[in-house]
Amino acid sequence: MPLDAIPYNFLTGRLEDVVRWARRNSVFPATFGLACCALEMMATGAAHYDLARYGMEIFRASPRQADLMFVAGRVSQKMAPVLRQVYDQMVEPKWVISMGVCASSGGMFNNYAIVQGVDQIVPVDVYVPGCPPGPETLMHGILALHEQIRTGELLKRRQASPTGGAGIEIAQRDGAPAPSLTASTRA
Amino acid sequence: MSDVWEEVERLGRQTDEGAQELRPRSELVVTGGPWPEGEGEGEGETMIINMGPQHPSTHGVLRVMMELDGETVVRAKPVIGYLHTGMEKTAEQLTYVQGSTNVTRMDYASPIANELVFSTAVERLLDVEVPPRAVWARMLLAELSRMASHLLFQASNGMDIGAVSMMLYGWREREETLRVLEMITGLRMNHNFVRPGGIAADLPDGWQRAVLELCEIVERGIDDYDTLLTSNPIWVERTVGVGVITTEQALALGISGPILRSTGFPWDLRKAQPYLAYDQVDFDVIYTENGDCFDRYRIRLGEIAESIKIVRQCVDMMPAGDYRTQDKKVTPPPRARINESMEALIHHFKLFTEGFRVPAGETYVSVESPRGEIGCYLVSDGTGKPVRMHIRGPSFYNLQSMEPMMEGRLVADAVAVISSVDPILGEVDR
Amino acid sequence: MSDPTPAPADDAREDVHEPGAAPAPWDEVAAALVAAFEGAVFHDSHGQPVVYVAPARLAHVATFLRDEQQFTTCLDVTAVDHLLDGERLVVAGVEPERFEVVANFLSHLRNRRIRVIAEVPAADPTVPSLTPIYPGVSYAEREVYDLLGIVFEGHPDLTRILMPDDWSGHPLRKDDAPARVPVTFKGDPGPRVGRVAE
Ligand code: SF4
């Protein structure tokens, strides 16, 4: 069929770009509010700063329905396994924003109780500095992430790490090996 | 003191006459031993479920273990520690000047209360007097902070119980409050503005107008909430008679703040043991009789209005003068002197690297935070860093009220109860 | 500031640090306590009444305060580790030990406070629990046990509250490692560095 016979407009593009475009515009965050930063995260979602502009106003309580995790606040040694489990429950592709200095590096709490940087547990895509980062800073981080999604590799993370995360495997309660994301992706 | 105090005394007299037994009930136990596993197979089987620690309706990272019989909560047990930050250990590594940076991150919904209690404790050990302007500015900030905190409660309480639009309304007004706090202190949260010896900087130009405008905005806001919720049949259905606690239970469990006041016991440290200049301003202690979730909502709504009243009086009566003590031991030299005097520079440097020394001693200071009595137990050994800094977080104790409130109620009520206790986990776990 | 009791006479303040006889309590509750319990020592701490008692007596003192003195609430139980003190507050008549268990009481009805401190030796860090008398201190005692390793006898459920259950050590003790504890996962193969690139 010759092109001028088609009765409607169309665009051509690479499938990859379409996928990236779609992903970028519908990032669903999981709530992972931990401490003071969580309040600023909520403030970003509220009327004044209106996260809905980026197509991501609905914070999903269930990690299975989310693909972005804000680690908002300090992660304690007791919380670390929980955080990792929530991360593992999220479906690929998934991203992590580490919000605030506590999540990024332990911040001022360089002591026995706090994990010195959440990147020891989950891979982090964007670090948002501040204590707490204001909503503007957080939104800047979100835009940086959008840019990463738009320009980044489609399947980068899976190739980089065999377990689909930071490469840390956690033994399961029943002694079974960690659930493998690798079987399908590695082949 | 006003009729409120008479009310407390009346309750006390009744104790003497035996009409009302106002004595903590010792048989109340909030921590049962470890729960038996695999109990109750078959008929009448109960189920143990966990809410949290990662759950939208729990505030922060609270985890509640509940034993359910069908939809009824048989037992409930909060499990905490998921936000344990080791702040009391960190405080031992920080000087007294740095200390308020640390404590302000505990109760992050009302940071000023934390800074205030810590600074007051340090001043008491030092025997330093705070100039009147600092006292009034502290009071102004404390009340603004209380407003922000209670507005946050209105937002999250509404969201938890299903009035999702409250989430947006509450944040709308809270955002305005934060804007004013940012104007005065430079930060939206975790201000580190109240410091031993006074406040960090003078109030900025034009603060009166900003504060008065805020009062009007918030006043309009709470009228809105009142219209939206107070006589809303769904709201009433969800909260009235839910999560009831009695005065004796509350006293036995060490509960303070709006939860204690909701049981008909008008105890407010601002009235009962006035600190700052609370004895010079006019305000009421709001209290109700029923001790349920609805009452706690109403009390907090009323307290916003009272805070507005205090803030307006602060604007009128703010004295002029120094905003921090002129005691050289605690206060750095003014900026202009540093540029021209070597001694001033050294003094400034020493103060911020080594801090000042505090004579050996111990003290406990308490103020009324939006959640109840926040206390600071401070022990010093004559050096520049405390031996022990312990914060008595009101939420830590208030959390214990969840068990008696939840037992025998439905799971849906449990959410309302958690929300109405209004715990801030940063303060619980510290 | 928050203390309602009238400031003591100046002479009461002056002999705080002096050795010798303990000052006479100006606070009536403290006076009653000192009279009722042998070995109890009154101390005026910046205008607040404090009474030092033997650790074994703690529960009796609490019962006395609740039943005879209308102290409605035990606000707080905490502890202090004095292992590394520079200079320490010396109270005449009190034998200092490594740990101090501190309980703050409040009487709503009489609008007054009192603080009771017990010196607890490091060799046997055990005190009776106050939970049978004031159930509200349950969490606080668990916290003190968790962070400072002081055992409260008679507590219904003395387990760790803030740290993970399988944590070892009591982090608020001065000789416990303060900083830089590695992440403790069960089955964690080690730090991430150098393994992702493999
Ligand atoms: S970075 Fe600052 S605001 Fe954020 S959790 Fe840490 S202390 Fe709180």
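Please refer to the structure higher up on the page.
Residues numbered from 1 in each chain as written. Chains lettered and ligands numbered in written order. Predicted model: local features only at pLDDT ≥ 70, side-chain atom pairs only at ≥ 80, totals over all residues. Heavy atoms only, no water.

### A word on the site of the ligand
Here comes step 1: Taken together, 14 residues surround the ligand, and among them Cys36, Cys37, Gly73, Cys102 and Cys131 of chain A come closest.
Here comes step 2: At the site occupied by the ligand, nearby residues are drawn from chains A and B.
Here comes step 3: Contributing elements (two or more residues each) for the shell around the ligand: α2 (36–45) and α4 (100–105) of chain A.
Here comes step 4: The dominant element in the shell around the ligand, judged by the number of residues it contributes, is α4 of chain A, at 3 residues.
Here comes step 5: Class assignment of the residues belonging to the shell around the ligand gives a composition of 8 nonpolar, 4 polar and 2 charged. (Near = heavy atom within 4 Å. Helix = DSSP H or I, 4+ residues; strand = E, 2+ residues; numbered from the N terminus. Nonpolar A, V, L, I, M, F, W, Y, C, P; charged D, E, K, R; others polar.)

### Considerations on the packing of helix α12 (residues 293–317) of chain B against helix α17 (residues 411–421) of chain B
Residues and elements named next belong to chain B.
Here comes step 1: At their nearest, the axes of α12 and α17 sit 10 Å apart, and the two run at 30° to each other. Overall, the two elements α12 and α17 adopt an arrangement that is roughly parallel. Remark: the crossing between α12 and α17 carries left-handed chirality. Here Cys293, Arg296 and Arg300 of α12 lie close against α17, whose contacting residues are Ala416, Val417, Ser420 and Val421.
Here comes step 2: Of the residues that constitute the contact of α12 with α17, the class distribution is 4 nonpolar, 1 polar and 2 charged. (Axes fitted to C-alpha atoms, helices over the stretch in contact; angles between N-to-C directions. Parallel < 35°, antiparallel > 145°, perpendicular 65-115°, else oblique. Left-handed = near helix turned anticlockwise from the far one by under 90°. Contact = heavy atoms within 4.5 Å.)

### Considerations on the interface of chain A and chain B
Here comes step 1: Opposite the 30 residues of chain A that make contact, chain B presents 32 residues.
Here comes step 2: Carbon and sulfur atoms supply 67% of the area that chain A and chain B bury against each other, a total of about 2800 Å² over both sides.
Here comes step 3: Where chain A packs against chain B, one counts 1 salt bridge.
Here comes step 4: Glutamate 40 of chain A is the salt-bridge partner of arginine 188 of chain B, the closest N and O atoms lying 2.6 Å from each other.
Here comes step 5: Counting the contacts that link chain A with chain B gives 9 residue pairs in polar contact (both at pLDDT 80 or more). (Buried area = accessible area lost by both parts, 1.4 Å probe. Salt bridge = Lys/Arg side-chain N within 4 Å of Asp/Glu carboxyl O. Polar contact = N/O pair within 3.5 Å; in protein donor to acceptor, adjacent residues only side chain to side chain.)

### Focus: the pattern of salt bridges
Here comes step 1: Across all of its chains, the model carries 39 salt bridges over all chains by this definition.
Here comes step 2: With a closest N to O distance of 3.7 Å, aspartate 157 of chain C and lysine 77 of chain B form a salt bridge. Of this pair, aspartate 157 of chain C sits in the segment after β7 (151–153) while lysine 77 of chain B is found in strand β3 (residues 72–79), placing the two residues in two different chains. No difference in accessibility class separates aspartate 157 of chain C from lysine 77 of chain B, as the two residues are buried.
Here comes step 3: Three or more residues joined by partner-sharing salt bridges are found here, namely Glu143, Arg146, Arg261, Asp268, Arg270, Glu303 and Glu368 of chain B. (Buried < 20%, exposed > 50% of the residue type's maximum accessible area, 1.4 Å probe, protein only.)

### Observations concerning the packing of aromatic side chains
Residues and elements named next belong to chain B.
Here comes step 1: Scanning all chains against the criterion turns up 9 aromatic pairs over all chains.
Here comes step 2: Consider the rings of tryptophan 235 and tyrosine 297, whose centres lie 5.3 Å apart with planes at 70°: the pair is edge-to-face. Placement of the pair is tryptophan 235 in helix α8 (residues 233–239) and tyrosine 297 in helix α12, with a sequence separation of 62 residues.
Here comes step 3: Taking 6.0 Å as the distance between ring centres and 70° as the angle between the ring planes, the aromatic pair formed by tyrosine 278 and phenylalanine 283 counts as edge-to-face.
Here comes step 4: Given the relative accessible area of 2%, tyrosine 278 is considered buried.
Here comes step 5: We classify phenylalanine 283 as buried; its relative accessible area is 1%. (Phe/Tyr/Trp six-rings, centres within 6.5 Å; stacked < 30°, edge-to-face > 60°.)

### A few points about the sheet that holds strand β1 (residues 47–51) of chain B
Residue and element names in this part refer to chain B.
Here comes step 1: The strand order across the open sheet formed by 3 strands is β1-β2-β3, and the pairing between neighbours is antiparallel. The sheet is open, and its two edges are formed by β1 and β3, each paired on a single side. Going across the sheet, the axis of each strand differs from the next one's by a mean of 20°, ignoring polarity.
Here comes step 2: Direction of pairing for strand β2 (residues 63–69) relative to β3: antiparallel, over a ladder of 7 bridges. (Pairing = 2+ DSSP bridges.)

### Thoughts on the interface of chain C and chain B
Here comes step 1: If you look at the interface, chain C gives 62 residues, while chain B gives 67 residues.
Here comes step 2: Here chain C and chain B share an interface that buries about 5300 Å² over both sides, 52% of which is from carbon and sulfur atoms.
Here comes step 3: Between chain C and chain B we count 5 salt bridges in total.
Here comes step 4: Those elements that place two or more of their residues in the side of chain C that touches chain B are β2 (48–53), α3 (58–69), β3 (73–81), β4 (99–107), β5 (112–120) and α4 (138–148) of chain C.
Here comes step 5: If one sorts the elements of the side of chain C that touches chain B by residue count, β3 of chain C sits on top with 8 residues.
Here comes step 6: Classifying every residue of the side of chain C that touches chain B gives 28 nonpolar, 16 polar and 18 charged.

### Notes on the environment of leucine 214 of chain B
Residues and elements named next belong to chain B.
Here comes step 1: Within the element layout of this structure, leucine 214 appears in helix α7 (residues 207–230).
Here comes step 2: Among the residues examined, leucine 214 registers a relative accessible area of 2% and is labelled buried.
Here comes step 3: Separated by 38 residues in sequence, leucine 214 and glutamate 176 have C-alpha atoms that sit 6.7 Å apart.
Here comes step 4: Apart from residues lying up to four places away in sequence, leucine 214 is in contact with Leu144, Met147, Glu176, Thr177 and Val180.

### Quick word on α12 of chain B
Here comes step 1: Spanning 25 residues, α12 of chain B covers 36 Å between terminal C-alpha atoms, matching the ideal 36 Å at 1.5 Å per step.
Here comes step 2: When you tally the buried positions in α12 of chain B, you get 19 out of 25 residues, the bulk of the element. (Expected span 1.5 Å × (residues − 1).)

### Topic: the pairing of β2 of chain C
All names here are of chain C.
Here comes step 1: Where burial is concerned, most of β2 is hidden: 6 out of the 6 residues are buried.
Here comes step 2: Across the two faces of β2 the burial is the same, with Gln48, Val50 and Tyr52 and Pro49, Val51 and Val53 all buried.
Here comes step 3: Pairing geometry for β2 and β5, over 4 bridges, is parallel. Pairing of valine 53 across the sheet is with alanine 118, part of β5.

### Comments concerning the sheet that holds strand β1 (residues 29–30) of chain A
Residues and elements named next belong to chain A.
Here comes step 1: Here 4 strands make up an open sheet; going across it, the order is β1-β2-β3-β4 and the pairing parallel. With one partner strand each, in any of the chains shown, β1 and β4 (126–128) form the two edges of the open sheet.
Here comes step 2: Two strands pair when backbone bridges link them, and strand β3 (residues 95–99) and β4 are joined in this way by 3 bridges, in the parallel orientation. Of the residues in β4, the one forming a bridge with methionine 99 is valine 128.
Here comes step 3: Contacting β2 (68–72) and β3, α2 runs over the sheet at an angle of about 130° to β2.

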